[in-house]
Amino acid sequence: MLRQPLRLAITEATRILGEAGVPSPHVDAELIAAHVLDVPRGKLVLTPLVDRQVVEAIARLVRERAKRVPLQHLVGWAALGPVTVSVGPGVFVPRPETELLLEWGLSVLADRAAPVVVDLCTGSGALALAVSVAHPDAVVHAVEMDSTALAWARKNLGDSGVHLHAGDVTGSSLLADLDGQADLVLCNPPYVPVGTEVPPEVSEHDPAEAVFAGPDGLAVIRHVVTLAARLLRPGGAVGIEHDDTQGEAVPALLAARTVLTRVADHDDLAGRPRFATAYRT
């Protein structure tokens, strides 16, 4: 059977994805090829020629990606820090910018033995699992209210030791047995203001309840701040990811709690406000 240059298939995929408005067409084309070949992206160069079936398989996935189906849905996984998790319809896809929140959280835990960590609005469970893998002696709790997302989290967390809870962060008694015990509370909540224009990958594939949160995007974060203040032990810390328009609003919500201090906001790699932090007095 006549073999074909992989380079040409990737070039054609890049063209199609670029015309479809995909933000990173060449990267996505290479990741699709790597997925089909079951090799790391960096080793594609070691496979200069491929069978026609491989080219056809790449083309099929490229057509789906050109329809703005998330790349993570097509390959079946997403990465966050040291872990990869399964994702698909019905669960929010972890974003690279959340790695900054993860790194900050791990820095808080650096000198703490057997810390108690709570991940609110866990979705796929990626953030909770990443903390558990990076800090194996941590006692990690993850909370999610949506039944579909819970199923994904249960699959991803498996026998990791992370304690998964079905619960609503707006509930006044959520995790009441952990009051005043948490060393770290992390949360990547829904925070996009309703009516905000978002990419098709988000509007058509991410669950709306995992993205949007009221007219100002703060409907869930307000409850998260209250819950974190209750869960944290003295010296414990909270980190909350937020929209880039909320760089003043979220720190203000944290600062309004008299038990929280050292409030700060942190930019993402593009220089946009991305998450806020505070410590329990």
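About the thresholds
- Residues numbered from 1 in each chain as written.
- Predicted model: local features only at pLDDT ≥ 70, side-chain atom pairs only at ≥ 80, totals over all residues.
- Heavy atoms only, no water.
- Axes fitted to C-alpha atoms, helices over the stretch in contact; angles between N-to-C directions.
- Helix = DSSP H or I, 4+ residues; strand = E, 2+ residues; numbered from the N terminus.
- Parallel < 35°, antiparallel > 145°, perpendicular 65-115°, else oblique.
- Left-handed = near helix turned anticlockwise from the far one by under 90°.
- Contact = heavy atoms within 4.5 Å.
- Nonpolar A, V, L, I, M, F, W, Y, C, P; charged D, E, K, R; others polar.
- Buried < 20%, exposed > 50% of the residue type's maximum accessible area, 1.4 Å probe, protein only.
- Pairing = 2+ DSSP bridges.
- Arc of directions from axis to C-beta.
- Polar contact = N/O pair within 3.5 Å; in protein donor to acceptor, adjacent residues only side chain to side chain.
- Salt bridge = Lys/Arg side-chain N within 4 Å of Asp/Glu carboxyl O.

1. Describing the packing of helix H5 (residues 98-109) against helix H6 (residues 126-134)
Contact geometry for H5 and H6: axes closest at 11 Å, N-to-C directions at 40°. Classified by the angle their axes make, H5 and H6 are oblique. The way H5 lies across H6 gives a crossing that is right-handed. The residues of H6 that touch H5, namely those facing Thr 98, Leu 101, Leu 102, Leu 106 and Leu 109, are Leu 127, Ala 130, Val 131 and Ala 134. When grouped by side-chain class, the residues that make up the contact of H5 with H6 number eight nonpolar, one polar and no charged.

2. Remarks on the pairing of strand E4 (residues 83-86)
Residues of E4 alternate between two faces, with Val 83 and Val 85 buried on one and Thr 84 and Ser 86 left unburied on the opposite face. Taken together, the four bridges between strand E3 (residues 77-80) and E4 define a ladder with antiparallel strand orientation. Counted as the bridge partner of Ala 79 is Thr 84 from E4. Counted between consecutive antiparallel strands, the loop separating E3 from E4 contains two residues, among which Gly 81 sits at a positive phi close to 55°.

3. A few points about unusual backbone geometry
For Asp 38, which is not a glycine, the phi torsion comes out positive at approximately 60°. Along the chain, the position of Asp 38 falls in the loop between helix H2 (25-37) and strand E2 (49-50). The phi torsion at Leu 175 lies on the positive side, around 55°, for a residue other than glycine. The topology assignment puts Leu 175 in the loop between strand E7 (163-166) and strand E8 (182-187). Relative accessible area serves as the criterion here: at 8%, Leu 175 is assigned to the buried category.

4. As for helix H7 (residues 147-157)
Buried residues of H7: Ala 149, Leu 150, Trp 152, Ala 153, Asn 156 and Leu 157, and no others. Axial view of H7: buried residues confined to an arc of 160°, hence all on one face. When the buried face of H7 is taken as reference, the exposed residues oriented beyond 90 degrees from it are Ser 147, Arg 154 and Lys 155. Packed against the buried residues of H7 are E4, H6, strand E6 (139-144) and E7. Backbone nitrogen of Thr 148 and a side-chain oxygen of the N-cap are separated by 3.1 Å at the start of H7; the cap is Asp 146.

5. Thoughts on the pattern of salt bridges
Side chains that differ in sign of charge can pair as their charged atoms come close. According to the stated counting rule, one finds 16 salt bridges in the structure shown. Residues Glu 201 and Arg 68 are paired through a salt bridge, measuring 2.7 Å at the closest nitrogen-oxygen approach. Of this pair, Glu 201 sits in helix H8 (residues 200-203) while Arg 68 sits in the loop between helix H3 (52-66) and helix H4 (71-75), and the two are 133 residues apart along the sequence. According to the relative accessible area criterion, Glu 201 is buried, its value standing at 11%. Since its relative accessible area comes to 13%, Arg 68 is described here as buried. As a salt-bridge pair, Asp 268 and Arg 274 come within 3.3 Å of each other at their nearest N and O atoms. Residue class for Asp 268 comes out buried when judged on its relative accessible area of 8%. Linked through salt bridges whose partners overlap, the residues forming this network are Asp 28, Arg 65, Arg 68 and Glu 201.

6. Let's talk about the sheet that holds strand E5 (residues 116-120)
Spatial strand order, E7-E6-E5-E8-E9-E11-E10: seven strands in an open sheet with mixed pairing. Two strands in the sheet have a free side with no partner beyond their single neighbour: E7 and strand E10 (260-267). Within this sheet the neighbouring strands show an average axis-to-axis angle of 15°, counted without direction. With five bridges connecting them, strand E9 (residues 232-241) and strand E11 (residues 273-280) associate as antiparallel partners. Within E11, the residue paired with Ala 237 across the bridge is Tyr 279. Relative to the sheet, H7 contacts E6 and E7, its axis offset from that of E7 by approximately 170°. Its contacts with the sheet put helix H9 (residues 219-231) on E5, E8, E9, E10 and E11, and the angle it makes with E9 is roughly 160°.

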